[in-house]
Amino acid sequence: AVFNVDDDVRMPCPALRRGFRAWRANRDVLVGYYPRMHKPSPDGCGWRYVWNDLEMWWHGDFSIVLTKAAFMKTSYLAMYARGLPRAARAYIDARKNCEDIAMQLLVSRATRKPPVYVRVPLRYYLWAKWEGFGVAGISSSADHHDVRGGCIT
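It should be emphasised that the depicted structure is a prediction, and the values quoted were computed from it without experimental measurement.

Conventions used here
- Residues numbered from 1 in each chain as written.
- Predicted model: local features only at pLDDT ≥ 70, side-chain atom pairs only at ≥ 80, totals over all residues.
- Heavy atoms only, no water.
- Helix = DSSP H or I, 4+ residues; strand = E, 2+ residues; numbered from the N terminus.
- Expected span 1.5 Å × (residues − 1).
- Buried < 20%, exposed > 50% of the residue type's maximum accessible area, 1.4 Å probe, protein only.
- Arc of directions from axis to C-beta.
- Pairing = 2+ DSSP bridges.
- 1 Å grid on protein atoms, 1.4 Å probe; cavity = no way out; pocket = protein on both sides within 12 Å on 5 of 7 lines; lining within 4 Å.
- Points joined across faces, edges and corners; volume = space filled by probe spheres on them.
- Nonpolar A, V, L, I, M, F, W, Y, C, P; charged D, E, K, R; others polar.

Asker: So what exactly am I meant to see when it comes to helix α1 (residues 13-25) here?
Answerer: Residues lying three or four places apart along an α-helix face the same way, a consequence of the helix completing one turn every 3.6 residues. With 13 residues, α1 ought to run about 18 Å at 1.5 Å a step, and its terminal C-alpha atoms sit 19 Å apart, in line with that. Looking at α1, one finds that the buried residues are Ala15, Gly19, Ala22 and Trp23. One face of α1 carries all of its buried residues, which in axial projection span an arc of 100°. In α1, the exposed residues that point more than 90 degrees away from the buried face are Arg21 and Ala25.

Given below as structure tokens:
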């Protein structure tokens, strides 16, 4: 297994152990801690990226697990490097965004299985959110969700 983790993510050890156990039981899919969802766009001509952490955390509805903290097979890194369609690679490179969604879509296409979401205790979720306030990252731009929707469409 490979554990992908962004440099701004702090994961408590018990959650890491739970995630690794979940991956060992589901070795062919992405197993991670940050769920997202995609739904048809209102106009029906594409997809939109849904980001509502608390609702997804509470209800467990998701279709994507971000690689910002996720376990996967090591072979998926090579599959991503060699098997990602050129148009997807160009989209990612031009925007410096969406590599995590592309990995999820690539793995789901190869396995025909959904990802596995591992919940972290609410206090860690809230702590991570609090530490992120005021940080101007890639997700703070006004068009971030539109760009992410373009990743899926």
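Anyway, onward from the coordinates.
Asker: How should I be thinking about the sheet that holds strand β4 (residues 47-50) in this particular structure?
Answerer: Whenever strands of a sheet pair, they do so through backbone hydrogen bonds, lying parallel or antiparallel. Ordered by their spatial adjacency, 3 strands build an open sheet running β4-β3-β5, and the pairing between neighbours is antiparallel. At either margin of the open sheet sits one strand with a lone partner, and together these are β4 and β5 (64-65). As judged from the 2 bridges shared by strand β3 (residues 35-40) and β5, these two strands associate in the antiparallel manner. Note that in β5 the partner of Pro35 across the bridge is Val65.

Asker: Explain the layout of surface pockets here, please?
Answerer: Over the atoms, a rolling probe the size of a water molecule traces out where space has been left empty. Of the volumes computed, that of the second largest pocket is approximately 290 Å³. Lining the second largest pocket are 16 residues, with Leu84, Ala88, Ala102, Leu105 and Cys151 positioned closest to its centre. Only α4 (86-95), α5 (99-111) and α7 (144-152) provide two or more residues apiece to the lining of the second largest pocket. When residues in the lining of the second largest pocket are grouped by element, the largest group, 5 residues, is from α5. In terms of residue class, the lining of the second largest pocket is built from 13 nonpolar, 2 polar and 1 charged.

The values reported here are purely geometric and, on their own, carry no functional implication.
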